[in-house]
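# Inside the fold
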Amino acid sequence: MALKATIFKATLHIADMDRHYYADHHLTIARHPSETDERMMIRLLAFALNSTDTLEFTKGLSTDDEPELWQKSLTDDIELWVELGLPDEDRVRKACNRSQQVILYTYGGRAVPVWWEKHHNKLERFGNLTIVDLPAENTAALARLVERSMTFQVSMQDGEVTFSNDTDLVSITPEQKLPKV
């Protein structure tokens, strides 16, 4: 018998001073049985970093032809494709061909430089691709904040992201790898 997804509720009170975006989002997150707490929290972080009224979670790990998050136009064109992890070049190429903008959030500590060294030459040709690395110590700290029902104040200013709840605070400074800043 297949294992079912675990449902989490999250409320994000977002104050993004860099983009001048201020909103509350009440989210229901289905965590796939093979998904870790860290990966689920990275999905929340990616949502916060790109939040709009039309950004939405997809079927995620259970579907190969969809990203983790996307934003679609009224005509069903994909405006933003948000991917997580260390995908192969074929998946990134497919995303870049289907979407106006693609953002890849890499994580995984020591595996990221190895992946980057192998793929960066091929990935640099995609003009609509942004790659952002998330430090392992920060993503591990985010994973420790997981609860079945979560409420976070999310502040973003000068490239630094702060996730806080009633008891803890985690600061993250994502590092943009592509395009070169």
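Residues numbered from 1 in each chain as written. Predicted model: local features only at pLDDT ≥ 70, side-chain atom pairs only at ≥ 80, totals over all residues. Heavy atoms only, no water.

With that settled, consider the packing of aromatic side chains. We describe a pair of aromatic rings using the distance from one ring centre to the other and the angle between the two ring planes. For the structure on display, the rule yields three aromatic pairs. Between the aromatic rings of tryptophan 115 and tryptophan 116, the centroid separation amounts to 6.5 Å while the plane-to-plane angle is 40°, which identifies the pairing as tilted. Overall, tryptophan 116 belongs to the buried group, its relative accessible area being 11%. A cation sits over an aromatic face here: lysine 72 above tryptophan 70, 4.0 Å from the ring centre. (Phe/Tyr/Trp six-rings, centres within 6.5 Å; stacked < 30°, edge-to-face > 60°. Buried < 20%, exposed > 50% of the residue type's maximum accessible area, 1.4 Å probe, protein only. Lys NZ or Arg CZ within 6 Å of the ring centre and 35° of its normal.)

The subject of this paragraph is the sheet that holds strand E5 (residues 78-84). Spatial strand order, E3-E4-E5-E6-E7-E11: six strands in an open sheet with mixed pairing. Two strands bound the open sheet, and with one partner strand each, they are strand E3 (55-57) and strand E11 (175-178). Between one strand axis and the next, the sheet turns by 25° as a mean value, whatever way the strands run. Alignment of strand E4 (residues 69-72) against E5, held across four bridges, turns out to be antiparallel. Looking at E5, one finds that tryptophan 70 is bridged to tryptophan 81. Sheet strands touched by helix H1 (residues 37-50): E3, E4, E5 and strand E6 (99-106). Its angle to E5, the strand with the most contacts, is close to 150°. Strand contacts of helix H2 (residues 89-98): E5, E6 and strand E7 (129-133), with the helix running at about 145° to E6, the strand carrying the most contacts. (Pairing = 2+ DSSP bridges. Helix = DSSP H or I, 4+ residues; strand = E, 2+ residues; numbered from the N terminus. Axes fitted to C-alpha atoms, helices over the stretch in contact; angles between N-to-C directions. Contact = heavy atoms within 4.5 Å.)

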